Each structure stands twice: as structure tokens, then as C-alpha cells.
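Next come the chains, spelled out residue by residue.
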Amino acid sequence: GSVDTPTVPETVLANRHIALHIGPAGMGWATVTGGKAGDEVWLDRSWDAGVSWPGGSSLGRVSVATGATSASTTKFNTTDQRAWLYGGAVRACGRAVESASGSCTGWARLANVRADAAADALMYSYNTAEAWWRTSWWNTGATMTGLIDYMRKSGNRTYLWAVDRTFQVNQVAWPAGQRSADPVLGHFTSRAVDDGEWWALSWLDAYDLTGNRAYLDEAVTIANYTYGFWDGTCGGGVWWDGERTYKNAVTNGLWIRLTAALHNRLPGDTLWLGRATAAWTWFRASGMINSSNLVNDGLNTGTCANNGQTVHSYNQGLAFGAAVELWRATGNAQTLDDARRLANAGTTASALVSNGVLTETCDALNRTCDDNGKQFKGIFMRYLGDLNGVAGGAYTSFITTQVNTLWTADRDSLNRFGCRWSGQSPADYPNARDWRTQASALEAFVAAL
């Protein structure tokens, strides 16, 4: 079969048409048409998108036979899981008989199954030696959850090794400057309290995937650490930082989700359920949820009032994601209604949606989102997918719009996705692409599984 569309365009050399093909099984080959006897065509394969060619250059080089005008290479596997962590990229190249020079198409990867393609390209950026995605701690924790969700929902266990390696390598403390500016205190915690919470959710997800009790125990360790930052300032809530300067939506949305999830996995628990219900009661009354059912960033520490700061998609997603998990713990229909109310606002409000597409404020303001904002929309989609599963598919249409837009407007030939899902990219407004934006897109595709 032919490569999934859109793909790299063919290249034309002295009226010869050189084309790349990738079949649904991941086999790649090159063809030349409109040629002359002696013209050559071949396939290049690279594991790093053309930086080097350890995967092979000039694979299957073949000449156009006498009396013919076309030729095709044999088919080569574009992936090699024995030696590499991710699928290879390929391109088609050719040379006209009367010229010493040649021409090649762009590089492309297999794009057969959307979630598979997104996960494969994400793993290209995973640092195997250090066992994380450089250089952000919370982003890596959130990305690990997305990768585990992908394996859990797709049934593909290809990257299970990365979960264990990340766990084994990174339980220890990192002194400041060892890998990043901020120290990591051990057991995946740091001075930013929410960092540890992201990781705790990752290890709960890993426990669900594997049944390995060590992952569940690690989540409990992180949660116990986090509880040390709950106090009565502003009536309750967990502080965002070790210096206790800010109580915000992300830290407390994570806390509710985490504590409810612990209850749901620890038979006979009452401790974590009590903490989850207390946190949700406080959060609902805290003022962070505004009159439009949208979640502002946090509270003014001096007045304990809503600070009116930006409505970020990940805060909205964590709010209804927390409510869903607490509903699982309690069966309280009001809590599920709260989740639906928050999700309905998040999928319709102009603060978060533009022309039907989830749009972060930094997208809409014609600037590049910072490294935090690059991953916000994926968190929203993670928890919208979770809610959709218990809400009778109420959000399927919205989820479908997001993944179709991502795939058609925002994907390049190497299956990489940018920060702005609409794909619009004027020259002075670049659509940033990195592993954070890739993880965000993966979460959307997983929500659709």
C-alpha cells in the first residue's frame, strides 16, 4: 500500500519523478517513473531524521532496465526495535543517467495508526542514559503518564522498558545543577510541590498497567510528602512551593486526583478518602472556580480571593479530572455533575476554544507558549477522555475534532506535532515543536482510543 497522507512530495529530477512509499506494515521503498535506462533509485534510512545514516544509505539501489521507464527498490523495514528506541525515517533518492548529481524527497516516518505514530516520535527525544526527557521535571512526569496511558489503552507494550528505567534511575536526589537548575529531593519530589504530584500520578498509572506494587508504594510516599504542605491558610489547600508562597489550582487539582486515586487502589482505605473529600470541598468553595465555571490560576495569598489570572487548559482539565476520580471513590452523583459542568465550560468557552479547536491563551495571543504551556492542552485531553468514558461519550465529537485537526493541520512528515493544533504558522509566529508538544498531542490521540 501507499504511504498515509499527507506525506512528503515526490522530487522531480530532469523530468524523472522519484517517490517515497511506506506501507501500513512499516515497509518502505522508492520508485522512479518517467526515467531512462540507467537511471538509478534507492532508499535512505536514518534513525535520527537524516543527521546520520547508521540505518543504511543507498538501500536497494536499482537501475532502470533497458527498454523501461520506471524502477522500484525492494522493500525495507523502517523500524528496528532490536537496536533503536523508535521508528526510523526514510527518504527516496535518485540519479539521472546523464548527470552525476541526484535528488531526494524529504524524510518521513510510518504514519499508520495515529497514536502509534505520535508515541514513536515522542520516544525519539527520550534520553536513555538519564532516563527522562530533558530538561523539565514536571513535564517528564506528565509525559510518562501519557506514554503509560497510551500503552494501557492501545495494548502496545513496546516502551514498557522506559517506564521501569525511569523509575529505577530517578528515585535518587539530584543536586542543583546536576541535570537542571532546581534540585530534586528524591522520590521524584522537588521544591515545586506539584512536580512530585505529577510523578505520583505516573506511578499510579504504571501500577495499573503492570501490577507492580513498587509503583503504588512510590505514589504513597510522594503523597505523604505532599500532605506536609496542606495547612489552614485560606481555609485549606496544598501550597505550590516549598517556600509556601502560593496556593493554586494545579497543585490542588493534582492533590484531589491523587488522593482519590490512592483510595481507589488501597483496599479498606479511609485516610486518603478523607483527604480527597476535604480537598474537593475546599477547592469548590475556594473561589478559584469563577462564575463562568472556568478555573483561574490560583488565590491571592494576602486576601485568599481568586487572583483572576489566566484560565489555563490544564487547570480546567485537572479540575474535572479530580472530580471524576472522586466520583469513582464516593459514587456521589453531584461530584460527577460538577465534572460535567466544568468540562462543558472548558469545551465551549472562548478562553479555551477557538473555531472548535482547543487553544491555549499563549496560542491565541500570537506568541510561542513557554515550556510549561506547550503541554497544557494534553492534560486537558487526558482528563476529558477519562470523563468521556463515564459520561456516555458526551465529548466524543469534541475529542474527534481535536485529533482530526492535529492530524491534518499540525503534523509534519516525521509525525511531529506543534504547540498550535490549528497548525497556522505565519513567519513571525512559529509553531514550536518539541517533546512537550509531542506529548500533548499524544494525550489527545489516546483520549480518542
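These lines cover the structure that appears in this document, whether it is placed above or below. (Residues numbered from 1 in each chain as written. Predicted model: local features only at pLDDT ≥ 70, side-chain atom pairs only at ≥ 80, totals over all residues. Heavy atoms only, no water.)

### Digging into the packing of aromatic side chains
Then, number 1: Following the criterion strictly, the structure yields 31 aromatic pairs and no others.
Then, number 2: Relative to tryptophan 199, the ring of phenylalanine 188 has its centre 5.0 Å away and its plane inclined at 35°; by these criteria the two rings are tilted. On the criterion of sequence distance, the pair formed by phenylalanine 188 in the loop between β10 (184-186) and β11 (189-190) and tryptophan 199 in helix α4 (residues 193-210) is long-range, its members being 11 residues apart. Across the pair, tryptophan 199 and phenylalanine 188 agree in class, each one buried.
Then, number 3: Aromatic pair phenylalanine 320 and phenylalanine 380: ring centres 5.3 Å apart, planes at 85°, arrangement edge-to-face. Taken together, the residues phenylalanine 320 in helix α8 (residues 313-330) and phenylalanine 380 in helix α11 (residues 376-390) connect sequence positions 60 residues apart. Both residues of the pair, phenylalanine 320 and phenylalanine 380, belong to the buried class.
Then, number 4: Connected via pairs of aromatic rings, a cluster forms that spans Trp132, Trp137, Phe167, Trp174, Phe188, Trp199, Trp203 and Tyr215.
Then, number 5: Taking the ring centre of tryptophan 29 as reference, the NZ or CZ of lysine 75 above it sits at 4.5 Å.
Then, number 6: Directly above the aromatic system of tryptophan 240 lies the positively charged group of arginine 191, at a separation of 5.7 Å from the ring centroid. (Phe/Tyr/Trp six-rings, centres within 6.5 Å; stacked < 30°, edge-to-face > 60°. Helix = DSSP H or I, 4+ residues; strand = E, 2+ residues; numbered from the N terminus. Buried < 20%, exposed > 50% of the residue type's maximum accessible area, 1.4 Å probe, protein only. Lys NZ or Arg CZ within 6 Å of the ring centre and 35° of its normal.)

### What about the sheet that holds strand β9 (residues 102-104)?
Then, number 1: With antiparallel pairing, 4 strands are arranged side by side in an open sheet as β5-β4-β8-β9. A single partner strand is all that each edge strand has here, and the edge strands are β5 (59-63) and β9. Between one strand axis and the next, the sheet turns through 20° on average, direction left out of account.
Then, number 2: As paired elements, strand β4 (residues 40-46) and strand β8 (residues 89-95) share 7 bridges and run antiparallel to each other. Bridging across to β8, serine 46 finds its partner in alanine 89. (Pairing = 2+ DSSP bridges. Axes fitted to C-alpha atoms, helices over the stretch in contact; angles between N-to-C directions.)

### As for the pairing of strand β2 (residues 16-22)
Then, number 1: Taken across its 7 residues, β2 has 6 buried, putting it largely inside the fold.
Then, number 2: In this sheet, β2 lies alongside strand β1 (residues 11-13) in antiparallel orientation, the contact comprising 3 bridges. By the bridge assignment, leucine 13 is partnered in β2 with arginine 16.
Then, number 3: Counting the residues that bridge the hairpin from β1 to β2 gives 2 residues, and of these alanine 14 lies at a positive phi of roughly 50°.
Then, number 4: Relative to strand β3 (residues 27-33), β2 runs antiparallel, the two being bridged by 6 bridges.

### Side note on helix α12 (residues 396-409)
Residue pairs three or four apart in sequence face the same way in an α-helix, which turns once every 3.6 residues.
Then, number 1: Counted at 1.5 Å a residue, the expected span for α12 with its 14 residues is 20 Å, and the 20 Å between its end C-alpha atoms agrees.
Then, number 2: Phe398, Ile399, Gln402, Val403, Thr405, Leu406 and Trp407 are the residues of α12 that are buried. (Expected span 1.5 Å × (residues − 1).)

### Quick word on the state of the cysteines
Then, number 1: Evaluation of the coordinates by the stated rule reveals 3 disulfides.
Then, number 2: Paired by a disulfide, cysteine 93 and cysteine 104 hold their sulfur atoms 2.0 Å apart. Negative torsions about the S-S bond denote left-handed disulfides, and the value of about 110° found for cysteine 93 with cysteine 104 makes this one right-handed. Of the two residues, cysteine 93 is situated in strand β8 and cysteine 104 in strand β9; the sequence distance between them amounts to 11 residues.
Then, number 3: Take cysteine 93: its relative accessible area is 0%, and that puts it in the buried class.
Then, number 4: The residue that forms a disulfide with cysteine 362 is cysteine 369, at a sulfur-sulfur distance of 1.9 Å. Between cysteine 362 and cysteine 369, the S-S dihedral sits near 95°, and the bridge is therefore right-handed. (Disulfide = S-S within 2.5 Å.)

### Remarks on the side chain of threonine 347
Then, number 1: Here threonine 347 shows up in the loop between α9 (333-346) and β12 (353-354).
Then, number 2: Judged by its relative accessible area of 11%, threonine 347 is buried.
Then, number 3: Here the side chain of threonine 347 touches asparagine 344 through a polar contact of 3.3 Å, landing on its backbone oxygen.
Then, number 4: Ignoring any residue separated from it by four or fewer positions in sequence, one finds threonine 347 in contact with Val353, Phe380, Leu384, Tyr395 and Phe398. (Polar contact = N/O pair within 3.5 Å; in protein donor to acceptor, adjacent residues only side chain to side chain. Contact = heavy atoms within 4.5 Å.)

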